[in-house]
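Survey of secondary and tertiary structure
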Amino acid sequence: MNRLLFAAVAALTASTAFAEYPDKPITIVVPFAAGGPTDKVARDLAEALRKPLGNATIIIENVGGAGGTLGATKVAKATPDGYTLLLAHAGISTAPALYRNLQYKTLEDFEYLGMINEVPMTLVGKPTLPATTYPELVKWLEANKGKINLAHAGLGSASHLCGLMYQSTTKMEMQTVPYKGTGPAMTDLIGGQVDLMCDQTTNTTGQIESGKIKAYAVTTKSRLKSPQLAKLPTLDESGLKGFNVTIWHAMYAPKGTPKAALDKVNTALKAALKDADFVKREEALGAVIVSDGRVNPAEHKKFVESEINKWGPVIKAAGQYAD
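Residues numbered from 1 in each chain as written. Predicted model: local features only at pLDDT ≥ 70, side-chain atom pairs only at ≥ 80, totals over all residues. Heavy atoms only, no water.

Re the packing of helix α4 (residues 91-98) against helix α11 (residues 297-318)
Put simply, the rule reads: Only the stretch in contact is used when fitting a helix axis, every axis being a line fitted to C-alpha atoms; angles between N-to-C directions are given from 0 to 180 degrees. The secondary structure listing takes helices from DSSP runs of H or I that are at least 4 residues long and strands from runs of E that are at least 2 residues long, numbered from the N terminus. Each angle is binned into one of four classes, with values under 35 degrees roughly parallel, values over 145 roughly antiparallel, values of 65 to 115 roughly perpendicular, and all other values oblique. For a crossing to be left-handed, the near helix must be turned anticlockwise from the far one by less than a right angle; the clockwise case is right-handed. Any two residues whose heavy atoms approach within 4.5 Å are treated as being in contact. Put simply, Ala, Val, Leu, Ile, Met, Phe, Trp, Tyr, Cys and Pro go in the nonpolar bin, Asp, Glu, Lys and Arg in the charged bin, and everything else, Gly too, in the polar bin.
At their nearest, the axes of α4 and α11 sit 8 Å apart, and the two run at 40° to each other. Relative to α11, α4 is oriented oblique. Once α4 is placed against α11, the crossing between them reads as right-handed. Where α4 abuts α11, its residues Ser93, Thr94, Pro96, Ala97 and Leu98 lie against Val304, Glu307, Ile308, Trp311, Gly312 and Ile315. Across the contact of α4 with α11, the residue classes break down as 7 nonpolar, 3 polar and 1 charged.

Side note on the pairing of strand β2 (residues 58-62)
Note the cut-off: Strands are labelled as partners when DSSP assigns at least two bridges between them. By convention a crossover is right-handed if, when the strands point away from the viewer, the path from the first strand over the helix to the second runs clockwise.
The pairing of strand β1 (residues 26-30) with β2 spans 5 bridges and is classified as parallel. Bridge assignment links isoleucine 26 to a residue of β2, and that residue is isoleucine 58. The β-α-β motif built from β1, the intervening helix α2 (residues 37-50) and the parallel element β2 has right-handed crossover chirality.

Some thoughts on the side chain of aspartate 236
Cut-off, in case you're wondering: To sort residues, take the accessible area from a 1.4 Å probe on protein chains only and compare it with the maximum for the residue type: under 20% means buried, over 50% means exposed, and anything in between is partly exposed. For the purpose of counting charges, residues Lys and Arg are taken to be positive, whereas Asp and Glu are taken to be negative. His and the chain ends are not included. Counted as salt bridges are all cases of a side-chain nitrogen of Lys or Arg within 4 Å of a carboxyl oxygen of Asp or Glu.
Relative to the elements of secondary structure, aspartate 236 occurs in the loop between β8 (214-218) and β9 (246-254). Buried within the structure, aspartate 236 lacks any salt-bridge partner; its nearest side chain of opposite charge belongs to lysine 241, at an N-O separation of 4.7 Å.

What about the nonpolar core?
Counted only if it meets this: By nonpolar core we mean a set of buried residues, namely Ala, Val, Leu, Ile, Met, Phe, Trp, Tyr and Cys, connected to one another through side-chain atoms within 4.5 Å.
Residues Leu49, Phe110, Leu137, Met251 and Tyr252 are the most contacted members of the largest nonpolar core, which totals 87 residues. With 8 residues, the single largest contributor to this core is strand β4 (residues 110-125). Among the nonpolar cores identified, the runner-up in size contains 15 residues, and Ile208, Ile213, Leu229 and Leu232 belong to it.

Structural notes on the environment of valine 75
Examined against the element boundaries, valine 75 turns out to sit in helix α3 (residues 69-76). Classification of valine 75 by relative accessible area gives buried; the value is 0%. Sequence spacing of valine 75 and valine 265 is 190 residues, and the spatial spacing of their C-alpha atoms is 16 Å. In this view, valine 75 contacts Val29, Thr84, Leu85, Leu86, Phe110 and Pro254; residues no more than four positions away in its chain are not counted.

Comments concerning unusual backbone geometry
Backbone torsion omega between tyrosine 21 and proline 22 reads -5°, so that peptide bond is classified as cis. The residue proline 22 is located in the loop between α1 (2-19) and β1 in this model. The phi angle at alanine 66 is positive, at roughly 55°, despite the residue not being glycine. When you line up the elements, alanine 66 lands in the loop between β2 and α3. A relative accessible area of 37% means that alanine 66 is categorised as partly exposed. The backbone of lysine 171 sits at a positive phi, close to 60°, despite the residue not being glycine. Note on placement: lysine 171 falls in the loop between α6 (158-170) and β6 (175-178).

A short note on the pairing of β4
Most of β4 is tucked away: 16 of the 16 residues are buried. Taken together, the 9 bridges between β4 and β9 define a ladder with antiparallel strand orientation. What sits directly across from glycine 114, in β9, is methionine 251. Looking at chain direction, β4 and strand β10 (residues 288-289) are connected through 2 bridges and run antiparallel. Bridging from a neighbouring strand, asparagine 117 pairs with isoleucine 289 of β10. In terms of strand pairing, β4 meets strand β7 (residues 196-200) through 5 bridges, oriented antiparallel. By the bridge assignment for β7, valine 124 is matched with methionine 197. Summarising the sheet, β4 and β8 pair through 4 bridges and their orientation is antiparallel. Of the residues in β8, the one forming a bridge with valine 124 is alanine 215.

As structure tokens, then:
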């Protein structure tokens, strides 16, 4: 009887404690440097999360390095009390294949909190390419096999992964040219030093609008609604059936975080995704707010598992590892 009483008191105490969650600052770890697109999403989301979390103090901690795996490792090993969370992008699903000595298990070492947004990708080319439409580009690619340069922003970057998937799907190998970031890669694409690149709309829309580069297709299954890109066909409708590559963001907690805390964060996240200011900021970045079942932990995890299964074979076939 005493044991039952003790267990009941312990359960009541824990329940009461987390009824007050959060009662101290929450840290959201961003596994990339300050000022980047993932950091921007995290800081905007933090503003939208504060009110539904009872005006909680939310701190953004940038832990960059090793393609985002250092920050993810820190959260995986953090105390599972609900006060250390992770906001990561799609790299969390490609890391298991890119890093052969990963210090965490993506599907086992985290609690899944829900997805935030998706950023479409665009297939773009240098301004002097003779092709002006995607069908014309395909003919040009066929005529120039073995001579095509494909730029990317470094191993594991969004542009690198999109380029790998494109080559894998089209069965066409290109000479990949790695850069230290999107900036220098885009500069050389504009200058004609490289032929093609596949990168996020947040990095390409302005250059497309100004006519500095040519745009051929988007990587989503549906055409984009933004006026600048609405006329671009999808790769899926252009013959690459099933092609769908986006850079998405989502939230996680260390494995073992109490369900009461997880539920509160998930509820707050759903409220934040409907916050008018947050939605406006995301739309300005070319991002699409996730509004389907993936805002729920179970569907979020199921999606990440499918992404791991999608990217693993592509990365291994290319033999391009980040460690």
